[in-house]
Amino acid sequence: MKKEALTEFESEKILNSYLPIARNQLIKKLNELKLKKYPLVLKIMSKQALHKSDIKGVRIVHNREELEKNFNDLIKIAKRKKLNLQGILVQEYHEGHELFIGIKKDPTFSHILLFGLGGIYVEILKDISMRACPIAIRDAESMINDLKAKDILYGARGNKININLLKKLLVKASKIPIKYPNLQELDINPLIMNEKEAIIVDARMVLE
């Protein structure tokens, strides 16, 4: 069967039933925008540009002037590259630890849940724990404790996260393949976490 890679907007519509998603709005004109609280993140949404940062398709803006300039810049990039543009995703900005949650469909073990530090650290550190889906709370705890960098999550530098909430989110994520057995890949990177909240600010899914 043919694989279909979903945009972030399409992926997050599915994930919204399981995990907290950063408040966002997909627009084609600035006068459609209802989000007012800065900073905001702007992202090109196109299936021809799933790796948005590669084409400078992600911008952070702090006021109306920056919003207008960067929105117009992204529209120009999409036109220049002749992208089939779904729109510009405008998203609330969140700060905290960047974490990674992923799912891969393995030919032998079926769906595998992956967890580690997010952002650039996924590729650099390769500090990832894995379990077969679905998992229980005790499995989520052991996944966290498997990480070499677990002390960062427990507040080694004073910025701890809500570990109990993280365990619940890992369990919820592990159940996604029950409803979507055709899920081939899921990359949530990053999931932003702090002591109070956890918010997905970027995600990508591949379905078969």
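Residues numbered from 1 in each chain as written. Predicted model: local features only at pLDDT ≥ 70, side-chain atom pairs only at ≥ 80, totals over all residues. Heavy atoms only, no water.

Caption draft 1: Layout of the overall build of the protein. Per the secondary structure count, the protein includes seven helices and 11 strands. Taking 17 Å as the expected radius of gyration for a compact globule of 208 residues, we find that the protein reaches 18 Å, a close match to that expectation. Oriented by its inertia axes, the alpha-carbon framework of the protein measures out at about 50 × 45 × 30 Å. Sorting the 208 residues of the protein into buried and exposed places 47% on the buried side. In the protein, once contacts between residues fewer than 6 apart in sequence are set aside, the share between residues at least 24 apart is 62%. (Helix = DSSP H or I, 4+ residues; strand = E, 2+ residues; numbered from the N terminus. Rg over C-alpha atoms; globule rule 2.2 N^0.38 Å. Buried < 20%, exposed > 50% of the residue type's maximum accessible area, 1.4 Å probe, protein only. Contact = heavy atoms within 4.5 Å.)

Caption draft 2: Quick look at helix 2 (residues 64-80). End to end, helix 2 covers 24 Å across 17 residues, agreeing with the expected 24 Å (1.5 Å per residue, within 8%). Turning to helix 2, its buried residues number three or more, namely Leu-67, Asn-70, Phe-71, Leu-74, Ile-75, Ile-77 and Ala-78. For helix 2, the arc enclosing every buried residue in end-on projection is 155 degrees, short of the 170-degree limit, so these residues lie on one face. The outward face of helix 2, more than 90 degrees from its buried face, is lined by the exposed residues Glu-65, Lys-69, Lys-76, Lys-79 and Arg-80. Those residues of helix 2 that are buried lie in contact with strand 2 (24-27), strand 3 (40-45), strand 4 (58-61) and strand 5 (87-92). A distance of 3.2 Å separates the backbone nitrogen of Glu-65 from a side-chain oxygen at the start of helix 2, and that oxygen is part of Asn-63. Phi turns positive one or two residues past the end of helix 2, at Lys-82, with a value near 55 degrees. (Expected span 1.5 Å × (residues − 1). Arc of directions from axis to C-beta. Polar contact = N/O pair within 3.5 Å; in protein donor to acceptor, adjacent residues only side chain to side chain.)

Caption draft 3: Structural context of the sheet that holds strand 5. Ordered in space as 2-5-3-4, the four strands form an open sheet in which the pairing is antiparallel. This sheet does not close on itself; its edge strands, each paired only once, are strand 2 and strand 4. Here the strands of the sheet are splayed against their neighbours by 20 degrees on average, with no regard to which way each runs. Sheet analysis places strand 3 next to strand 4, joined by four bridges and oriented antiparallel. Within strand 4, the position partnered with Val-41 by the bridge is Ile-60. Here helix 1 (residues 8-15) sits on the sheet and contacts strand 2, strand 3 and strand 5; the angle it forms with strand 5, its principal contact strand, is near 50 degrees. (Pairing = 2+ DSSP bridges. Axes fitted to C-alpha atoms, helices over the stretch in contact; angles between N-to-C directions.)

Caption draft 4: Looking closely at the layout of surface pockets. Roughly 960 Å³ of volume is contained in the largest pocket. Around the largest pocket, the lining comprises 38 residues; the ones closest to its centre are Lys-52, Ser-53, Asn-189, Pro-190 and Asp-202. Contributions of two or more residues to the lining of the largest pocket are made by strand 3, strand 4, strand 5, strand 6 (97-106), helix 3 (121-125), strand 9 (183-193) and strand 11 (203-207). (1 Å grid on protein atoms, 1.4 Å probe; cavity = no way out; pocket = protein on both sides within 12 Å on 5 of 7 lines; lining within 4 Å. Points joined across faces, edges and corners; volume = space filled by probe spheres on them.)

Caption draft 5: Expanded view of a nonpolar patch on the surface. Judged by side-chain polarity, Ile-120, Ile-124 and Leu-125 come together as a nonpolar surface patch covering roughly 320 Å² of accessible area. Take Leu-125: it is sitting in helix 3. Judged by its relative accessible area of 45%, Leu-125 falls in the partly exposed class. (Patch = residues over 30% accessible without salt bridge, like charges linked within 9 Å, V, L, I, M, F, W, Y side chains within 5 Å. Areas by Shrake-Rupley, 256 points an atom, 1.4 Å probe, with all protein chains shown as cover. Salt bridge = Lys/Arg side-chain N within 4 Å of Asp/Glu carboxyl O.)

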